[in-house]
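Okay, here's what each chain looks like letter by letter:
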Amino acid sequence: MSDLDTYRALYVAESRENHETIVKNFLILERGLDKAAIDEIFRSAHSLKGMSASMGFSMMERVCHAMEDVFQQIRNGTLKITQALVDHLLVASDDIEQMLDDIEGGGEGTIEGVIEHVATLKGHVGGTPPDGLNEPRAEVTLSTPPREESTSNLALAGEMSGPVYTVKVRLSAACDNKNIRGMIVLQNIEEIGRIIRVIPSRETVEDDNGFEGTFEVTLASDAGEEAISGAASGTDVEEAAVSSCTVYPGAPSVQAEAAHEGRAAPDTRKERTEKTEKGREVKNIRVDITRLDQMMNLIEDLVINRGRITQIAKKYQIKELDETLSMVGRSVSDLQNLMMNIRMIPLSVIFNRFPRTVRDIALREGKEVEFNIVGGDTELDRSVMDGLNDPLLHLIRNAIDHGIERADDRERAGKPRCGNLCLSARRDRDNVIIEIADDGGGIRADRVIAKAIERGLVTPEAAASMEKEAVYDFLFQAGFSTADTITDLSGRGVGLDVVRTALQSLKGTIHVESTLGEGTRFELILPPTMAIVDVMMVRINSRRCAIPVANIVEVASLSDDRIHSVGSRETILMRDEVLLLDRLEDMFGSSVLSEILVVLQHQERKRSIAVDVIEGQQEVVIKPLGQIVGICRGISGVTIPGDGEVVPVLDVKSIVREN
Amino acid sequence: MGRILIVDDTLFMRTLLKNILFAGGHDIVGEAGDGDEAIAKYQELKPDLVTMDIVMPKMNGIEALKGIRAHDPNAKVIMCTAVGQEQMVKLAIKTGAKGYIVKPFQAPKVLEEIKNVIGT
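Given the structure is predicted, the values throughout are model-derived calculations rather than measurements.

### Focus: the sheet that holds strand β1 (residues 3-7) of chain B
Residue and element names in this part refer to chain B.
Item 1. If you trace the five strands from one edge of the open sheet to the other, you get β2-β1-β3-β4-β5, paired in parallel fashion. Of all the strands in the sheet, the pair left with one neighbour each is β2 (27-32) and β5 (99-102). Adjacent strand axes in the sheet meet at a mean angle of 25 degrees, parallel and antiparallel pairs treated alike.

Here is the structure:
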């Protein structure tokens with residue numbers, strides 16, 4: 001095994017692709033017979049089996065073999081696809097996924113229950129044809145050579161004459177398949193002479209399972225003893241003894257042999273010339289994701305140190321150094337952009353997992369759901385992608401559990417029985433937008449309000465004048481659920497708040513729109529990448545801090561006469577807008593020098609903060625706070641600018657939302 | 001030693017085979033992932049020998065074998081086979097394949113077969 005360990009990563013990566021293909025096509029099959037899907041599953045199971053056997057993962061091999069057998073029979077038309085069969089196949093495919101996880105972790109792919117599942121699958125196959133006979137019948141028929149070809153072949157053989165020899169061939173006991181090997185030897189002999197007789201018969205040598213590996217060929221050839229011996233020798237041939245034959249076998253034998261000749265003369269076959277694509281080279285390579293992460297870290301360090309050198313250069317004012325630095329700066333920027341692009345992966349990587357999920361949930365809930373995916377090729381940074389699976393899963397579950405109605409209810413409401421769920425993604429300027437839309441019953445705003453009043457989140461009076469969006473906002477509160485019963489999937493009140501928190505950690509936002517009776521649409525807005533951000537460096541109470549430029553609306557001077565007191569709070573009147581002024585004293589201590597006002601915005605909300613001085617704008621790498629520090633209110637991470645100081649980055653979202 | 005074209009739809013199998021052949025002193029002149037590509041690469045590279053997988057997308061190994069032999073009747077192609085594919089291999093041999101190797105590959109057997117086929 002240790003030799004093969006080097007192949008493990010490649011094995012896992014490629015096996016996962018095959019597994020995904022299998023699952024995708026299972027779901028297509030469930031909707032109806034599809035020859036292309038059957039072929040694809042067969043091929044993928046076959047590839048997986050072969051790879052697993054090569055790696056010595058016998059359990060995986062067995063599952064794939066069973067799956068391959070099932071699809072062999074489906075291809076042949078001897079097995080019908082039933083719901084039970086699809087269910088069992090999906091169980092097997094789950095096994096494959098688990099085994100791959102185990103193998104990826106260094107295991108051998110041994111998990112519980114596989115043997116039973118294989119047995120269940122084999123139960124469907126029932127009367128499996130004997131080994132070797134279960135190849136696609138259609139293809140065999142297709143390739144059987146036409147009659148006249150064998151005649152021309154015979155005619156060709158007839159032209160060869162000369163002395164007659166007998167060759168005694170003995171195949172080794174270790175030969176994998178004596179029939180095939182015998183066939184190859186006969187074919188090689190035939191290339192240099194005319195076969196007059198084979199003992200036992202050619203059928204026995206080539207097709208009889210009981211063939212023991214010894215046979216005698218009589219042939220006429222001009223090639224000479226040595227050449228004949230060479231032709232008859234080869235892999236698995238233990239003995240090939242050539243001797244001259246004085247007794248010429250009679251014509252009837254030739255006839256018998258001719259009658260048996262059902263072979264094609266490959267040389268004379270003129271196949272259609274396929275359209276060929278020249279110069280199609282391998283343009284893609286696989287790289288372990290941890291290596292990309294390492295590279296990204298190195299580039300981040302490079303960006304930090306470039307900042308540092310720039311600062312040093314400023315101090316010494318050397319022309320050559322400045323010029324070189326500007327060149328280095330350009331290369332680093334290019335490298336950074338390139339790296340960003342490399343890290344982008346298509347959303348289909350996670351989208352493709354969902355058809356299966358939708359199927360399972362819909363089945364359990366007894367609902368009919370048509371699931372569509374649009375824009376799976378939209379790309380996102382891998383770090384963003386990692387955190388997206390769970391929020392999307394929550395939203396999809398919600399849509400099926402709470403959104404889409406049962407078929408009968410839908411029919412009564414004049415809708416098609418089958419509900420529609422659409423997961424789509426698109427790029428919008430600097431953001432990636434993901435939508436999950438259903439055509440279900442929509443969110444009952446009245447029930448949300450009732451629940452909010454019941455829980456004391458809002459007074460009945462205030463609720464009466466609330467905007468729809470503010471009402472939906474309650475749904476994102478922890479523990480909020482309007483579902484009357486708790487199901488296996490949702491209704492426990494965990495869900496939307498988890499979704500929002502997860503998205504916030506990805507620097508994303510979520511909106512919901514809903515029309516009663518028509519459906520609900522969740523919109524997730526995500527930054528395509530989150531590692532490198534443009535920030536403004538400021539000092540508050542002479543301590544440095546960075547503010548993402550994207551969140552800054554404007555900067556103004558702060559004079560005392562602009563500050564108004566509203567209750568106990570300081571406010572600023574800016575362009576007819578009253579903004580709360582936050583001096584962030586709890587974070588930075590109180591400052592007497594605050595002369596500059598920075599207006600921050602997140603979504604629709606604004607707030608102003610007071611700062612001492614603005615030092616400039618620069619691109620920085622935001623590093624998350626480590627586990628030791630944990631979550632720190634008001635701070636989204638830290639950055640290390642040129643001088644090596646560790647600078648906190650303001651979490652504008654949380655500051656703006658604070659009351 | 002020979003110049004070899006490896007045809008298999010999985011990168012894994014190609015890599016495994018490539019390493020075996022390389023260690024055996026052969027040159028791997030090209031790789032192809034399906035039958036179409038195999039025919040194109042054969043014409044372009046004119047290898048001494050082709051290792052051909054049977055089950056592949058788009059065009060299977062038997063069809064690719066026919067395509068290659070249509071261009072070069074002397075092409076030396078050996079089939080890569082797994083348990084249960086005996087009928088297909090026989091079909092391939094009748095179509096002009098010169099030998100076969102069995103998955104999971106055993107380096108000595110693979111190299112012996114290739115040596116024998118290239119030597120003929």
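Next comes the rest of the write-up.
### Remarks on the sheet that holds strand β4 (residues 237-244) of chain A
Residue and element names in this part refer to chain A.
Item 1. One open sheet holds the four strands; their spatial order is β2-β3-β1-β4, and the pairing between them is antiparallel. The sheet is open, and its two borders are formed by β2 (194-199) and β4, each paired with just one other strand. Shown here is a sheet whose adjacent strand axes are inclined to one another by a mean of 20 degrees, direction ignored.
Item 2. In terms of strand pairing, strand β1 (residues 164-171) meets β4 through seven bridges, oriented antiparallel. Each residue of the ladder has a partner; that of V167, found in β4, is V242.
Item 3. Of the strands in this sheet, β1, β2, β3 (214-220) and β4 touch helix α8 (residues 178-192), which is tilted by about 155 degrees from β1.
Item 4. In the packing of helix α10 (residues 225-232) onto the sheet, the strands contacted are β1 and β4, and the crossing angle to β4 comes to about 155 degrees.

### Structural notes on the pairing of strand β9 (residues 431-438) of chain A
All names here are of chain A.
Item 1. Along β9, the buried face is formed by V432, I434, I436 and D438; none of N431, I433, E435 and A437, which line the opposite face, is buried.
Item 2. Direction of pairing for strand β8 (residues 419-428) relative to β9: antiparallel, over a ladder of eight bridges. Across the sheet, residue A425 finds its bridge partner in β9, namely I434.
Item 3. In terms of strand pairing, β9 meets strand β11 (residues 519-526) through seven bridges, oriented antiparallel. Within the sheet, the bridge partner assigned to D438 lies in β11 and is T520.

### Looking at the packing of helix α3 (residues 58-76) of chain A against helix α4 (residues 83-104) of chain A
Residue and element names in this part refer to chain A.
Item 1. Contact geometry of α3 with α4 gives a least axis separation of 10 Å together with a crossing angle of 150 degrees. If you check the angle between α3 and α4, you find them roughly antiparallel. The element α3 and its partner α4 pack so that their crossing is left-handed. Between α3, through M59, M60, V63, A66, M67 and V70, and α4, the contact on the second element is made entirely by L89, A92, D95, I96 and M99.
Item 2. Along the lines of polarity and charge, the residues of the contact of α3 with α4 split into ten nonpolar, no polar and one charged.

### Section: helix α1 (residues 11-23) of chain B
Item 1. Its 13 residues give α1(B) an end-to-end C-alpha distance of 18 Å, which sits within 8% of 18 Å, the value for a rise of 1.5 Å per residue.
Item 2. Buried residues of α1(B): B:L11, B:F12, B:M13, B:R14, B:L16, B:L17, B:I20 and B:L21, and no others.
Item 3. Packed against the buried residues of α1(B) are α1 (8-31) and α2 (35-55) of chain A together with β1, β2, β3 (49-53) and α5 (107-119) of chain B.
Item 4. Positioned one or two residues after α1(B), B:G25 has a phi angle of 90 degrees, which is positive.

### Here's the deal with the confidence of the model for chain B
Residue and element names in this part refer to chain B.
Item 1. Here chain B averages 90 in pLDDT, while 99% of its residues score no lower than 70.
Item 2. When the elements of chain B are averaged for pLDDT, helix α4 (residues 86-95) gives the smallest value, 89, and β3 the largest, 96.
Item 3. Interface confidence for the predicted complex, expressed as ipTM, amounts to 0.83; the pTM equals 0.47.

### Some words on the nonpolar core
Nonpolar side chains in soluble globular proteins generally cluster together in the buried interior.
Item 1. Core analysis: the largest hydrophobic core is formed by 98 residues, its most contacted members being A:M67, A:V167, A:I189, B:V50, B:M52 and B:I78.
Item 2. Per-domain counts for this core show at least three residues from each of domain 1 (2-139) and domain 2 (146-263) of chain A.
Item 3. The residues contacting A:I189, other than those within four sequence positions of it, are A:V167, A:I195, A:V217, A:L219, A:I228, A:A231 and A:A232.
Item 4. With 37 residues, the next largest nonpolar core counts A:I361, A:L395, A:I436 and A:I449 among its residues.

### Re unusual backbone geometry
Residues and elements named next belong to chain A.
Item 1. Put simply, I199 and P200 share a cis peptide bond, and its omega is -10 degrees.
Item 2. Assignment of secondary structure puts P200 in the loop between β2 and α9 (202-207).
Item 3. In this model, D236 sits at a positive phi of 70 degrees, which is unusual for a non-glycine residue.
Item 4. Structurally, D236 can be placed in the loop between α10 and β4.
Item 5. In this model, N541 sits at a positive phi of 50 degrees, which is unusual for a non-glycine residue.
Item 6. With respect to the helices and strands, N541 occurs in the loop between β12 (532-540) and β13 (543-548).

### A look at the packing of α4(A) against helix α5 (residues 114-125) of chain A
All names here are of chain A.
Item 1. Packing of α4 against α5 brings their axes to within 10 Å, and their N-to-C directions diverge by 145 degrees. Our pair here, α4 against α5, has a crossing hand that is left-handed. Mapping the contact onto sequence places L85, H88, V91, A92 and D95 in α4 and V114, H117, T120, L121 and H124 in α5.
Item 2. Among the residues making up the contact of α4 with α5, the classes are represented as five nonpolar, four polar and one charged.

### Some details on the environment of A:G50
Item 1. Looking at where A:G50 falls in the secondary structure, it is placed in helix α2.
Item 2. Note on A:G50: 27 C-beta atoms within 10 Å, which makes it buried.
Item 3. Between the alpha carbons of A:G50 and A:E61 there is a distance of 7.4 Å; along the sequence they are eleven residues apart.
Item 4. Excluding its chain neighbours within four sequence positions, the residues that come into contact with A:G50 are B:M13, B:A82 and B:K103.

### Re the environment of A:R197
Residues and elements named next belong to chain A.
Item 1. Its location among the elements puts R197 in strand β2.
Item 2. On the basis of neighbour count, R197 is assigned to the partly exposed category, with 19 C-beta atoms found within 10 Å.
Item 3. Along the sequence, R197 and L219 sit 22 residues apart, while their C-alpha atoms lie 7.0 Å from each other.

Definitions and limits used
Residues numbered from 1 in each chain as written. Chains lettered and ligands numbered in written order. Predicted model: local features only at pLDDT ≥ 70, side-chain atom pairs only at ≥ 80, totals over all residues. Pairing = 2+ DSSP bridges. Helix = DSSP H or I, 4+ residues; strand = E, 2+ residues; numbered from the N terminus. Axes fitted to C-alpha atoms, helices over the stretch in contact; angles between N-to-C directions. Contact = placed C-beta atoms within 7 Å. Buried ≥ 20, exposed ≤ 12 C-beta atoms within 10 Å, placed from the backbone. Parallel < 35°, antiparallel > 145°, perpendicular 65-115°, else oblique. Left-handed = near helix turned anticlockwise from the far one by under 90°. Nonpolar A, V, L, I, M, F, W, Y, C, P; charged D, E, K, R; others polar. Expected span 1.5 Å × (residues − 1). pLDDT = per-residue confidence, 0-100. Core = buried A, V, L, I, M, F, W, Y, C linked by C-beta atoms within 7 Å. Domains from an automatic or database assignment.

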